[in-house]
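Residue-level structure breakdown
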Amino acid sequence: MTLLEVRSVSKIYGSLTALSNVDLNVAENEFHGLIGPNGSGKTTMLKCLAGAEIPTLGKVHLAGKDVTTLSPQERSRFGLSLKFQITAIFPELAVYDNMLIALQAHQTTLGLLLSRSKNMFHDEVIHYLDRFHLHSRQYDLAGELSHGQQQWLEIAMSLALKPRLLLLDEPTAGMSSQERRVTAELLAPIKEVCSLLIVEHDLDFIKDICDSLTVLDQGQVIASGPAKQVQNDPRVKEVYLANV
Amino acid sequence: MQKVHRVTISALTGIEIVLFVLALVLPLLLENFWVLFITKIFILALLAISFDLVWGYAGIMSFGQALFFGVSGYVVALLSQKTGVHSIFVLLPIAAIVGLLLGFMMAALVILGKRIPSLAFVALGTMTGSYVIERLARGWSYVGGQNGISSLARLTAGEFEIEEGIVFCYMALSLLVIIYLLSRWLVRSQFGLVLAGIRQHENRVSFLGYNVQTFKAVIFSLSGMIAGISGALFAFHEGFIGPGQLGPVLSTQAVLYVLFGGVGTLVGAIIGVTVLDLMNFLLPQVEFLGPTLTNFLETGWPILLGLLLLCTVMFRPAGLMGFFMRDRSRNLLFGNKDKMNQSSENGLESRP
């Protein structure tokens, strides 16, 4: 069953067409990769999906609901979660509190004032920290974590929202090969609970974890389908692999 | 890390206790002039706390706190003069409501909206509001024009007149303590955690699903309310309220109090008001530095004060509180510490 349905989305900034007539489908529990050379429109696409940008033309449906013009927080509440390209954690908050702020996102303002969520989510915070190898750093400020650990923390925070669809923008950027391997291991179990749309430059990484791929070039889709089939597409090899 | 955190939190609590004891005892020991001086510090500390809440905890740069302070002061002064109502139980809640509503209106103008406003836009927007209202008051004869409203009657509590001096001082202290404790509770609640998130990465908070605007509007309105209470107390303590209490000069003063004392600590705001106002008063009277320096300080003390403030902002961004607290310890821990310790001891993972 299709979870995300993007129909003929275009994004135009003045004379620049960043996206042109893009179609994209992500099924439930599918890992879908969005790849393409620099400037192909991948990040713009994610922004249009997350609500940071509104498409100039076209529609975005999530689980059958038109979310094209919803704000980021409305989309988040409807099950869409984003991990930014540049790590977006709270550097001056403890690692524990970074998880807590994500987990209590759907609490009422009164509930937050009365700190009802302070104890309510403790076990879940520990569960996520443990799963992402961050439990031993719970007291540390998030800004003191290594780059790779900050990326994991942000993925954990995005997952804590229990999304239907998780958008990851270059989750392994700046990571060591060891950290990339661990990241792939951390992402694999997510398939049981949500779908994943991932933008990534590391083709080996994306080939290993994604079921299907969509390739963008100059704002247009040039190939889409099962990962193995797309990798062998001659147009993809020409415009993308040559640039990697 | 755990140990560092505990030590610094108790250092903060220690400072709070020392200040409270001093505030409690000093009015009994000092002459009336100093009691009046201390009362003014208590009142202006409320204004400084109102700024620290928005800037130190939510990252909203408001250069318009005097707007809430002054308008509330004017409203209760006018009410007192025109209707003969002097009851603190009527006038203070009215001042609080006026401040709250003004705060909300200002938030609606410069903070709320689909796009996140820039820091400069909010700073200039609030300053403009403060400037416009000051100009308006200066030209409006109904509110006394340039002269403001003076000869205000004393506040009353039932049959009892709240005279400036020891009684007013302890009343102002009581209000300061109540508001300080409520503010402290607010910034340490899970609501405060969201504010800390907004201060550090507003976009991330929004993408987590929080309605950032709601949080900003709430804290800005509450800040307006506290500034409003402060303005009403000021008007009745001084027996006067004028355009100077509405404009950018007092708004900037609130910013300086907090920057000097220590942003994002609440108690730093109180220390900032105390030290700056004491220096304001004492610097022009210094005699032991010799006739040349004394002559210079009589008129040139604002230059020295300005340099001191500049040095603080440049070399000690944490303000005076930076001498007592490590930068790291200013970051609060919002989780349940006992449960965190327990989970650490249970060792789901070994600590490095």
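Residues numbered from 1 in each chain as written. Chains lettered and ligands numbered in written order. Predicted model: local features only at pLDDT ≥ 70, side-chain atom pairs only at ≥ 80, totals over all residues.

Looking now at the overall build of chain B. When helices and strands are tallied, chain B shows 12 helices and four strands. Taken along its principal axes, the extent of the C-alpha atoms in chain B is 70 × 55 × 45 Å. In chain B, the proportion of contacts linking residues at least 24 apart, taken out of those at least 6 apart, comes to 76%. (Helix = DSSP H or I, 4+ residues; strand = E, 2+ residues; numbered from the N terminus. Contact = placed C-beta atoms within 7 Å.)

What follows concerns the overall build of chain A. The helix and strand inventory of chain A stands at 11 helices and 10 strands. The globule rule puts the C-alpha radius of gyration for 244 residues at 18 Å, and the 18 Å found for chain A is close to it. A principal-axis box enclosing the C-alpha atoms of chain A has dimensions of 55 × 40 × 35 Å. By residue count, 51% of the 244 residues in chain A fall in the buried class. Partitioning the contacts of chain A with sequence separation of at least 6, the portion at a separation of at least 24 is 66%. (Rg over C-alpha atoms; globule rule 2.2 N^0.38 Å. Buried ≥ 20, exposed ≤ 12 C-beta atoms within 10 Å, placed from the backbone.)

Here we come to the interface of chain A and chain B. Facing the 38 residues of chain A at the interface are 34 residues of chain B. When contributions to the side of chain A that touches chain B are tallied by element, the ones reaching two or more residues are helix H2 (72-77), helix H3 (95-103), helix H4 (109-113), helix H5 (117-120) and helix H6 (122-131) of chain A. Element by element, the count of residues in the side of chain A that touches chain B is highest for H3 of chain A, at five residues. Split by residue class, the side of chain A that touches chain B holds 20 nonpolar, 12 polar and six charged. (Nonpolar A, V, L, I, M, F, W, Y, C, P; charged D, E, K, R; others polar.)

Residue and element names in this part refer to chain A. Overall, mixed pairing links the six strands, which are arranged E6-E7-E8-E3-E9-E10 in an open sheet. Each edge of the sheet is formed by a strand with only one pairing partner; in this case those strands are strand E6 (80-83) and strand E10 (220-226). Within this sheet the neighbouring strands show an average axis-to-axis angle of 15°, counted without direction. Where strand E3 (residues 31-35) meets strand E9 (residues 212-217), four bridges bridge the pair, whose relative direction is parallel. Within the sheet, the bridge partner assigned to isoleucine 35 lies in E9 and is valine 215. Sheet strands touched by helix H7 (residues 147-160): E6 and strand E7 (165-169). Its angle to E6, the strand with the most contacts, is close to 170°. (Pairing = 2+ DSSP bridges. Axes fitted to C-alpha atoms, helices over the stretch in contact; angles between N-to-C directions.)

Residues and elements named next belong to chain A. By the assigned domains, chain A splits into domain 1 (1-79 + 163-244) and domain 2 (89-161). Domain 1 and domain 2 are separated by 26 Å when their C-alpha centres are compared. Every contact between the two is made by 12 residues of domain 1 and, on the other side, 10 residues of domain 2. Among the secondary structure elements, those contributing two or more residues to the side of domain 1 that touches domain 2 are H2, E7 and helix H8 (177-187). Class assignment of the residues belonging to the side of domain 1 that touches domain 2 gives a composition of seven nonpolar, three polar and two charged. (Domains from an automatic or database assignment.)

The strands that make up a sheet are held in pairs by hydrogen bonds between backbone atoms, and each pair lies either parallel or antiparallel. Residues and elements named next belong to chain A. What the four strands build is an open sheet, ordered E2-E1-E4-E5; its pairing is antiparallel. The open sheet has two free edges, formed respectively by strand E2 (16-27) and strand E5 (65-66), since each of these has just one partner strand. Two elements, strand E1 (residues 2-13) and strand E4 (residues 57-62), share five bridges in a ladder whose sense is antiparallel. For valine 6, the partnering residue across the bridge sits in E4 and is valine 60. Each of E1, E2 and E4 is contacted by helix H1 (residues 42-50), which is oriented at about 65° to E2, the strand it contacts most.

Turning to the packing of helix H2 (residues 32-57) of chain B against helix H10 (residues 267-282) of chain B, a few remarks are in order. All names here are of chain B. It is at 8 Å that the axes of H2 and H10 come closest, and there the two elements cross at 130°. Compared by their axis directions, H2 and H10 come out oblique. When the axes of H2 and H10 are compared, the crossing they make is right-handed. Between H2, through Ile41, Leu44, Ala45, Ala48, Ile49 and Asp52, and H10, the contact on the second element is made entirely by Ala269, Ile270, Gly272, Val273, Thr274 and Asp277. Looking at the contact of H2 with H10 residue by residue, the classes come out as eight nonpolar, two polar and two charged. (Parallel < 35°, antiparallel > 145°, perpendicular 65-115°, else oblique. Left-handed = near helix turned anticlockwise from the far one by under 90°.)

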